[in-house]
Amino acid sequence: MEPTLDKYKLSCELLGHSLDVRAVAVGGKTNEGQMLLSGSRDKTTKIWKPIGNEYIESVTLKDHKNFIASVCYLPQEQWICTSSNDATICIYQQDAFVPLLTLKGHESTVCALAGGLKPRSLISGSWDKTARVWLISETGDVTHIALQGHEAAVWAVATLQEQQKYVTGGADKCIYYWNAQGEKLRLLKGHTDCVRGLIPLPSNSLLSCGNDAVLRYWNEDGECVRELSGHTNYIYAMARNQQLGEQIVLSCGEDSTLRMWNVSTGKELGAPLLHPAISVWSVACLANGDIVTGCSDGVVRVFSQDPARQGKQQLVQSFEMAVATHKSQLNEEIGGVKKTDLPGPEALLTNGTREGQTKMVRETDGSVKCYSWELGKWNLVGDVTGATGGTQSNSGKKLHDGKEYDFVFNVDISDTEPPIKLPYNRGEDPWQAAQSFIHRHNLPQAYLDQVANFIVKNSKGGATVTSQANSGYQDPFTGGARYVPGSSQSNVQGGGNMDPFTGGSSYSTAASKQSSNVDVNFVRGSDKHFPVSSYRTFDTCDAGKVLDKMKEFNNKLTSTEGKVGDELLQAVIRLTDKSLALDPTTLEALMLLLKWPAGMLFPVLDILRLAVRHEAVFSLLQNSHNILSHIVPQLNGAAANQLMVCRCLANALTHAAGRQQIQAQLPQLVELVAGIRAGSPNLQIAIATFYLNVTIAQTQSVASSEVCHSVTSGVLELLKWAKDLEAWYRAMQAIGNLTTTACGQETIAQVVSVDSVMDKLRELTNTPQDENFAKVNVLGQALLAAF
């Protein structure tokens, strides 16, 4: 009679990890049975010893600096091997508390481990695109053989003892065979996405699984003779259950399920065993036929078909109730967002991007809570509930920062920045709501009437409007009377952003642009986020405030330090005009100002970034003065100058002359820009835009492998520290552009090999963003699909 997963019931749950259990394995034997090993995102590996039908935590290993990616046990040596995101492998003698050896050499996460062909050896796979065979002598000397050939992360490794071969699978969708000397023997292709698992089978056959949700059965000749379909999402791991039969395999994945297969027939044996967690990361099988799983809820579970080892009725019923709750949540929504699309508690490990940022988190018990980023930590705000029916479509409400409003307007304040959310409830004083909005976003007071009238116009009669004449209105935050355009300050030109370097009284580089469009199509008429063909520029400028700032600096200088007359400053400011007449004298004056001390340069550089939009101006400045040599060193300077130089480079890339000069020294430029490791959101956006414009040029000509590699490296350096969502969006577009070129596979290989960036990309993609940045979710999904 054929085995079936239907006979399996929960035996016990092992609680102790605080985050996802990423790996499970069967350890050595005791008098009571086999030990279990579990590795977690909490950076620990736990050893569980059997006592009756239960397991107790025996040892917790804490020697890795980042999450555990893989664990395995070598029975002949009685070694417990663990690998981590910290790029190391720790080897422990059974029951030891400290590593016998720590293997170093991989350059990124070591995500796969298996015993080697010889005693005292093992094979590892890494996100650095290599596998390594480690050979450890009796005296502890370590040598290794590098298996090089994959173009992306090596996610899976296996050892074929009978054939004396190794097998590896990677994010490049390829499976390679290798001999003991590390020479490549065979390539298997068939998977349409990342290969995540490999299992040797009898008759020199092989089973593989991957992100394409398919298990593939390969015969001795390397032919894929069978595909096993059933999973609906990524398959993360597989394990043979030899107690049930030579051809019986278990698989688990992102669809919350564990499945059993007869690989010789391709038949799924029984119904999937649903878990109360999104990700079933790992599976292992004991000699007695019991099955072990590790999940994203931090729990290790053991299942048995033997009634004597199955859990007590209360435990089984509790598990079944948790599964039923999870199943109902798979389609449950809050504010139009599926609960299962929300991030788990691990999202709170990532710092917020701004003070007051809110994040909805799906807790392990199925509830959804709202957290706010304040004073450097996430603070619990409260439970998130669908108070008026649970979804935006049936409640008539709109969700913003975890709260429901009658209206959530999009307000455009700049050509180069995303719209800002303006929430409003019926019956609320529109001027009070407008004032709160202005203070919350540090906007000029001159916006008050514009914003309030916008609310009145677009709230469809929902606004309570009081007389403006002699209303006695007081600013609810300062107690003073509100500013009304038309007074003595009516000539104020409102800018969208305060200058990030000199404070609220200085000029801003963003001009006001009020929009009455309530619902914005974020792709601007298209659902295609890449390849991008239109160059992004920084065009807006408050020329009056730039001039004032230059005059302020000029008055602090002496003639020997570069002080000039006001008429020269007036001439230079004309370079900000959109329609510009070429005047060599004015450009000579600009070059004089560029000799000012570095601390006073940023308003001059601000004028320059507008001037270089014009190809004729750029060409004259470059040919006569080698302008790039004057400004590029400022990439090592103050943050204000870094910002303006990046904007200069981005704007210059919009014409052929600029592209020719910049691409000629691109490696040097990327090295300098990549050296910037911190900065304001404006600087992050400027860097991302520079890279984006470079990639646009690559898509419009024959892509250079050297350029693609250099730019991808630069983008990845930015994404390691950038937090601004607009910067991430533009950087993601840059990567997307490069994936469409002839260098696409090389780009993909580079990206997927940087674990921190991939983790952040997945988190941003799977974390529902508000309407301003829903485009990040869409673009992220498209990029991950391309990978």
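Residues numbered from 1 in each chain as written. Predicted model: local features only at pLDDT ≥ 70, side-chain atom pairs only at ≥ 80, totals over all residues. Heavy atoms only, no water.

Chemist: Mind showing me how you'd approach the overall build of the chain here?
Modeler: Scanning the chain from terminus to terminus reveals 19 helices and 38 strands. A buried classification covers 57% of the 787 residues belonging to the chain. Counting contacts in the chain only where the partners sit at least 6 residues apart, residues at least 24 apart contribute 54% of the total. (Helix = DSSP H or I, 4+ residues; strand = E, 2+ residues; numbered from the N terminus. Buried < 20%, exposed > 50% of the residue type's maximum accessible area, 1.4 Å probe, protein only. Contact = heavy atoms within 4.5 Å.)

Chemist: Hey, could you run me through the pattern of salt bridges in this one?
Modeler: Two side chains with opposite charge may pair up if their charged atoms get near one another. With the rule as written, the count across this model stands at 23 salt bridges. Lys359 is the salt-bridge partner of Glu763, the closest N and O atoms lying 3.5 Å from each other. Taken together, the positions of Glu763 in helix H18 (residues 755-766) and Lys359 in strand S32 (residues 358-362) put the pair 404 residues apart, joining distant regions of the chain. According to the relative accessible area criterion, Glu763 is buried, its value standing at 17%. Residue class for Lys359 comes out buried when judged on its relative accessible area of 9%. (Salt bridge = Lys/Arg side-chain N within 4 Å of Asp/Glu carboxyl O.)

Chemist: Sorry, what's going on with the side chain of Thr293 here?
Modeler: Take Thr293: it is sitting in strand S28 (residues 291-295). For Thr293, a relative accessible area of 0% gives the class buried. Among the polar contacts made by the side chain of Thr293, one reaches the side chain of His275 at a distance of 3.0 Å. For Thr293, the residues in contact, after removing those within four places along its chain, are Val24, Leu258, His275, Val280, Ser282, Val283, Val299, Val300, Arg301 and Phe303. (Polar contact = N/O pair within 3.5 Å; in protein donor to acceptor, adjacent residues only side chain to side chain.)

Chemist: Help me out: how do you make sense of the pairing of strand S29 (residues 300-304) in this one?
Modeler: When a strand is regular, its side chains alternate between the sheet's two faces. Among the five residues in S29, five count as buried, and that is most of the element. Burial of the side chains of S29 extends over both faces: Val300, Val302 and Ser304 are buried on one face and Arg301 and Phe303 on the other. In this sheet, S29 lies alongside S28 in antiparallel orientation, the contact comprising four bridges. Looking at S29, one finds that Gly294 is bridged to Val300. Connecting S28 to the antiparallel partner S29 that follows it, the hairpin turn spans four residues, and Gly298 within it adopts a positive phi of roughly 80°. (Pairing = 2+ DSSP bridges.)

Chemist: Explanation requested: the sheet that holds strand S34 (residues 377-383) in the structure shown.
Modeler: Whenever strands of a sheet pair, they do so through backbone hydrogen bonds, lying parallel or antiparallel. Spatially, S32-S33-S34 is the arrangement adopted by the three strands of the open sheet, whose pairing is antiparallel. The open sheet has two free edges, formed respectively by S32 and S34, since each of these has just one partner strand. The average angle at which neighbouring strand axes cross in this sheet is 35°, direction not considered. Pairing geometry for strand S33 (residues 368-374) and S34, over six bridges, is antiparallel. The residue bridging Lys369 from the neighbouring strand is Asp383, located in S34. (Axes fitted to C-alpha atoms, helices over the stretch in contact; angles between N-to-C directions.)

Chemist: Can you help me understand the packing of helix H7 (residues 584-593) against helix H9 (residues 615-625) in this one?
Modeler: When two helices pack together, their arrangement is given by the angle between the helix axes and by the axis-to-axis distance. At a minimum axis separation of 11 Å, H7 and H9 run at an interaxial angle of 60°. Comparing the axis directions of H7 and H9 gives the class oblique. When the axes of H7 and H9 are compared, the crossing they make is right-handed. Residues Pro584, Leu587, Glu588, Leu590 and Met591 of H7 form the contact with H9, whose own contacting residues are Val617, Leu620, Leu621 and His625. Classifying every residue of the contact of H7 with H9 by side-chain character gives seven nonpolar, one polar and one charged. (Parallel < 35°, antiparallel > 145°, perpendicular 65-115°, else oblique. Left-handed = near helix turned anticlockwise from the far one by under 90°. Nonpolar A, V, L, I, M, F, W, Y, C, P; charged D, E, K, R; others polar.)

Chemist: I'm lost on the packing of aromatic side chains in this one. Help?
Modeler: The relative placement of two aromatic rings is captured by the distance of their centres and the angle of their planes. Across all of its chains, the model carries eight aromatic pairs by this definition. The rings of Tyr234, Tyr236 and Trp281 are connected pair by pair, giving a single aromatic cluster. Here the guanidinium or amino end of Arg186 rests over the ring plane of Tyr177, the centre of that ring lying 5.1 Å away. Positioned above the aromatic ring of Tyr729 is the side chain of Lys775, whose terminal nitrogen or guanidinium carbon lies 4.4 Å from the ring centre. (Phe/Tyr/Trp six-rings, centres within 6.5 Å; stacked < 30°, edge-to-face > 60°. Lys NZ or Arg CZ within 6 Å of the ring centre and 35° of its normal.)

Chemist: What is the right way to read the environment of Leu608 from this model?
Modeler: For Leu608, the position within the fold is in helix H8 (residues 602-611). The buried category is assigned to Leu608, whose relative accessible area is 0%. When the C-alpha positions of Leu608 and Leu575 are compared, they lie 7.7 Å apart, and in sequence the two are 33 residues distant. Not counting residues up to four positions away in its chain, the partners in contact with Leu608 are Leu590, Leu621, Ile627, Ile631 and Cys648.

Chemist: What should I look at first to understand the environment of Trp596 in this one?
Modeler: Within the secondary structure, Trp596 is located in the loop between H7 and H8. For Trp596, a relative accessible area of 3% puts it in the buried group. Expressed as a C-alpha distance, the spacing of Trp596 and Leu557, which sit 39 residues apart in the sequence, is 8.8 Å. Discounting chain neighbours no more than four positions away, the residues touching Trp596 are Met550, Phe553, Asn554, Leu557, Glu561, Gly562, Leu569, Leu601 and Val604.

Chemist: Help me understand unusual backbone geometry, please; the structure alone is not making it clear to me.
Modeler: For residues that are not glycine, phi is negative in most cases, and the peptide bond is trans in most cases. The phi angle at Lys43 is positive, at roughly 80°, despite the residue not being glycine. Note on placement: Lys43 falls in the loop between strand S3 (33-40) and strand S4 (45-51). One non-glycine residue, Gln78, adopts positive backbone phi at about 55°. With respect to the helices, strands and loops of the structure, Gln78 is situated in the loop between strand S6 (68-74) and strand S7 (79-84). Residue classification places Gln78 among the partly exposed positions, given a relative accessible area of 39%.

Chemist: In this structure, what is going on with H7? I would like to understand it.
Modeler: Along an α-helix, a turn takes 3.6 residues, which lines up residues three or four apart on a common side. Every buried residue belonging to H7 is among Thr586, Leu587, Ala589, Leu590, Met591 and Leu593, and all of these are buried. Buried residues along H7 sit in contact with helix H5 (543-555), helix H6 (566-573), H8, H9 and helix H10 (627-631).

Chemist: Please clarify how the sheet that holds strand S11 (residues 121-126) should be interpreted in this entry.
Modeler: The strand order across the open sheet formed by four strands is S10-S11-S12-S13, and the pairing between neighbours is antiparallel. Each edge of the sheet is formed by a strand with only one pairing partner; in this case those strands are strand S10 (110-115) and strand S13 (142-148). Taking the axes of each pair of neighbouring strands and ignoring which way they run, one obtains an average angle of 20° across the sheet. Of the strand pairs in this sheet, S11 and strand S12 (residues 130-136) are connected by five bridges, and their pairing is antiparallel. Bridging from a neighbouring strand, Ser124 pairs with Arg132 of S12.

Chemist: What is the right way to look at the environment of Ala727 in this model?
Modeler: In this fold, Ala727 is placed in helix H16 (residues 725-739). It is 7.7 Å that separates the C-alpha atoms of Ala727 and Ala686, two residues lying 41 residues apart in sequence. Discounting chain neighbours no more than four positions away, the residues touching Ala727 are Gln684, Ile685 and Ala688.

On their own, these measurements won't tell you what the molecule is for.
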